[in-house]
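Structural characterization, general
Residues per chain are reported as follows:
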Amino acid sequence: MELEVLKKKVSTYKGPKGRVSITSNELLLEILSAWEQWTGPAEGFYKALGISRNGISSIIGRAKKLRREGFPEPDFKEIQVADRPVSNSDCSGAEIIWDNGRLIRFRQVELLIDFLKKVV
């Protein structure tokens, strides 16, 4: 079912000659995620999406590059790392000491949990 939805999304990026030119970073990452979950032969994946073998390799390569360079996810929340230690009375949430002795403060415990899920 998921591949059918992706196929429809990919079809909106097809040109008049049938060439796929995806400009959406979100769609690239969706395709990469579906590819990583795919257990069958590669030929079945790109045929199910209606993309050529060369086209899918280019798309997956671009998506991997986006992920490597840290394309932000929609629910990403930026945190700031303090260079100097802060006394415990200044923090009302949670604190962790990260590598090189850096102290990271979180105003809410939920933010700490989200942070730990992303880095682990």
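First, a word on scope: everything that follows refers to the structure included in this document. Note that this is a predicted model, so its numbers are computed, not measured. (Residues numbered from 1 in each chain as written. Predicted model: local features only at pLDDT ≥ 70, side-chain atom pairs only at ≥ 80, totals over all residues. Heavy atoms only, no water.)

**Let's talk about a nonpolar patch on the surface**
Side chains of Trp98, Leu116, Val119 and Val120 sit close together on the surface and give an oily, nonpolar patch of about 390 Å² of accessible area. In this structure, Val120 sits in the segment after α5 (109-119). Given the relative accessible area of 82%, Val120 is considered exposed. (Patch = residues over 30% accessible without salt bridge, like charges linked within 9 Å, V, L, I, M, F, W, Y side chains within 5 Å. Areas by Shrake-Rupley, 256 points an atom, 1.4 Å probe, with all protein chains shown as cover. Salt bridge = Lys/Arg side-chain N within 4 Å of Asp/Glu carboxyl O. Helix = DSSP H or I, 4+ residues; strand = E, 2+ residues; numbered from the N terminus. Buried < 20%, exposed > 50% of the residue type's maximum accessible area, 1.4 Å probe, protein only.)

**Some remarks on the packing of helix α2 (residues 25-37) against helix α3 (residues 42-49)**
Closest axis-to-axis distance for the α2/α3 pair is 11 Å, and the angle between their directions is 145°. Here the hand of the crossing between α2 and α3 comes out right-handed. Contacts between α2 and α3 involve Ile31, Ala34 and Trp35 from the first element and Ala42, Phe45 and Leu49 from the second. The residue makeup of the contact of α2 with α3, split by class, is six nonpolar, no polar and no charged. (Axes fitted to C-alpha atoms, helices over the stretch in contact; angles between N-to-C directions. Left-handed = near helix turned anticlockwise from the far one by under 90°. Contact = heavy atoms within 4.5 Å. Nonpolar A, V, L, I, M, F, W, Y, C, P; charged D, E, K, R; others polar.)

**Details of the packing of helix α1 (residues 2-11) against α2**
Interaxial distance between α1 and α2 falls to 11 Å at its minimum, and their mutual angle equals 150°. Considering the angle they form, α1 stands roughly antiparallel to α2. Between α1 and α2 lies a crossing of left-handed hand. Of the residues in α2, those in contact with Glu2, Leu6, Lys9 and Val10 of α1 are Leu27, Glu30, Ile31, Ala34 and Gln37. Classifying every residue of the contact of α1 with α2 gives five nonpolar, one polar and three charged. (Parallel < 35°, antiparallel > 145°, perpendicular 65-115°, else oblique.)

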